[in-house]
Amino acid sequence: MTETLPDLLLIGCGKMGGAMLSGWLERGLTRAVVVEPHAPAAAAFAGRATIVADAAGIPADFRPAAVILAIKPQEAPASLPAFARFAAQGALFVSIMAGRSVASMRAALGQDAAVVRAMPNTPAAVRQGFTAAFAAPGVTPAQKALADALLQAVGEVAWVDEEDQINPVTAVSGGGPAYVFLLAEVLEKAAIEQGLPADLARRMARATVAGSGALLAASPQDAADLRRAVTSPKGTTERALGVLMAPEAWPELMSKAIAAATDRARELAG
C-alpha cells in the first residue's frame, strides 16, 4: 500500500524511530528530515532522508506537517525548545516518549502546540506493532487523521480518551514484548533443564510463542477459552497450570508487574 505522506521531521532514529521511518517510506513518504546525532543509527536511511546532527542542520525552507519525537524522555527538556518554531508554524507533534505529558511538552514547545501522545511497541519493526494514542485538546480532526495514518504504517492503532490511560498502555503494550520474550527465554531454559538439547529447546520455545501468538491473533475466542482448549482434565498442562496459576504465582505477579510499570510511567511525566 502506498499513499502520499506530507513532509515529516523525525527527532531520534533509534530502533523505534527507525522502524517507523521505514514504514513511512514504504507508504510513500518522499521528504523527511531526521535529527540524529549518532550517525550510525540513521545510516540505513542515507539517500532516502536528509540526516542532520541537530536542529541547526534542518534546511531553512523545511516546513514539516508533523514532528515525531522519538527520543528518550529524559532528553526532552533540553531538546524540545529547539523545535518550538515548528509548533508556531502549525506542525503536529507526535510523541512516542514514555511518560512525557502533554503539559510538559507544551511547556517547551508553546501552549498552543498540537500534541499527540502515542505508545507503539517493538513489533512495529515487522509491521505488527500495536499503538495506543491520545490527541490533546486543540488537535484538529485532520491532524488526528494524519497521526493515525503515520502510526498505522507500523501496525494496529487504538485511541484513548484520557491522557493518563497512556501510562498503563505503556506498561502493558509498550513493555509487553519484553514479557513475551521472557516467556520464550524461560521456556527454553526449562526445556534444557528437562534434558532437551539446547538447539531444540530454543527452536521449540520460539515456535511455540510465535505460533500461539498467531493463533490468538486469528481466533475470535478469548485467550482464556484458548487456554482451556489446550488443558485436558487431569493432564500434563493442567498440572503445569496448577503451579503457574497458584496464589501469588503468575497471574498475581503479572498484575504487580504492570502496576509497577504504570507507576514508573507516571514518574517519568514532566
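These numbers come from a predicted model, not from an experiment.

Draft legend 1. Quick peek at the packing of aromatic side chains. Applying the stated rule across the entire model yields zero aromatic pairs. Above the ring of Trp159, the side-chain terminus of Lys144 is found at 4.9 Å from the ring centroid.

Draft legend 2. Inspection of the UniProt feature "domain: Pyrroline-5-carboxylate reductase catalytic N-terminal" (unreviewed entry) in the protein at higher detail. UniProt annotation of "domain: Pyrroline-5-carboxylate reductase catalytic N-terminal" (unreviewed entry) refers to residues 10-99 when read in the numbering used here. Taken end to end, residues 10-99 comprises 28% helix and 19% strand; its first and last C-alpha atoms sit 19 Å apart.

Draft legend 3. Representation of the sheet that holds strand S3 (residues 50-52). The strand order S3-S2-S1-S4-S5-S6-S7-S8 describes an open sheet built from eight strands, whose pairing is mixed. Only two strands of the sheet have a single partner each, and these edge strands are S3 and strand S8 (155-159). Pairs of neighbouring strands in the sheet enclose a mean axial angle of 20°, with direction left out of account. Relative to strand S7 (residues 129-135), strand S6 (residues 114-119) runs antiparallel, the two being bridged by four bridges. Residue pairing for S7: Ala118 is matched across the bridge by Ala133. Running at roughly 135° to S6, helix H5 (residues 102-109) makes contact with strand S4 (66-69), strand S5 (92-95), S6 and S7 of the sheet.

Draft legend 4. Local environment of the pattern of salt bridges. Scanning all chains against the criterion turns up eleven salt bridges. A salt bridge links Glu26 to Arg127; the shortest N-O distance between them is 3.0 Å. In this pair, Glu26 sits in helix H1 (residues 15-26) while Arg127 sits in the loop between S6 and S7, placing the two residues 101 residues apart along the sequence. Assessed through its relative accessible area of 47%, Glu26 is described here as partly exposed. For Arg127, a relative accessible area of 22% puts it in the partly exposed group. The closest approach of N and O atoms between Glu188 and Arg202, which form a salt bridge, is 3.3 Å. Here the residue Glu188 occupies a position in helix H8 (residues 176-193), and Arg202 occupies one in helix H9 (residues 198-218), the gap between them amounting to 14 residues.

Draft legend 5. Representation of the environment of Ala214. By secondary structure assignment, the location of Ala214 is in helix H9. C-alpha separation for the pair Ala214 and Glu252, spaced 38 residues apart in sequence, amounts to 25 Å.

Draft legend 6. Examining a nonpolar patch on the surface more closely. Where nonpolar side chains cluster on the molecular surface, the patch consists of Leu244, Met245, Trp250 and Met254 and spans about 350 Å² of accessible area. The exposure class of Met245 is partly exposed, given its relative accessible area of 42%.

Draft legend 7. Layout of the environment of Ala142. Following the sequence through the fold, Ala142 ends up in helix H6 (residues 141-152). The exposure class of Ala142 is exposed, given its relative accessible area of 58%. Remark: the alpha-carbon pair of Ala142 and Ala87, spanning 55 residues in sequence, is separated by 16 Å.

Draft legend 8. Geometry of helix H12 (residues 250-268). Here H12 spans 27 Å end to end across 19 residues, near enough to the 27 Å set by a 1.5 Å rise per residue. Of all the positions in H12, only Ile258, Thr262, Ala265 and Leu268 are classed as buried. In a view along the axis of H12, the buried residues occupy a sector of 120°, so they form one face of it. In this structure, H12 carries Lys256 and Glu267 as exposed residues pointing more than 90 degrees from its buried face. Packed against the buried residues of H12 are helix H7 (166-174) and H8.

Definitions and limits used
Residues numbered from 1 in each chain as written. Predicted model: local features only at pLDDT ≥ 70, side-chain atom pairs only at ≥ 80, totals over all residues. Heavy atoms only, no water. Phe/Tyr/Trp six-rings, centres within 6.5 Å; stacked < 30°, edge-to-face > 60°. Lys NZ or Arg CZ within 6 Å of the ring centre and 35° of its normal. UniProt positions renumbered as here; feature names shortened; annotations may be inferred. Helix = DSSP H or I, 4+ residues; strand = E, 2+ residues; numbered from the N terminus. Pairing = 2+ DSSP bridges. Axes fitted to C-alpha atoms, helices over the stretch in contact; angles between N-to-C directions. Contact = heavy atoms within 4.5 Å. Salt bridge = Lys/Arg side-chain N within 4 Å of Asp/Glu carboxyl O. Buried < 20%, exposed > 50% of the residue type's maximum accessible area, 1.4 Å probe, protein only. Patch = residues over 30% accessible without salt bridge, like charges linked within 9 Å, V, L, I, M, F, W, Y side chains within 5 Å. Areas by Shrake-Rupley, 256 points an atom, 1.4 Å probe, with all protein chains shown as cover. Expected span 1.5 Å × (residues − 1). Arc of directions from axis to C-beta.

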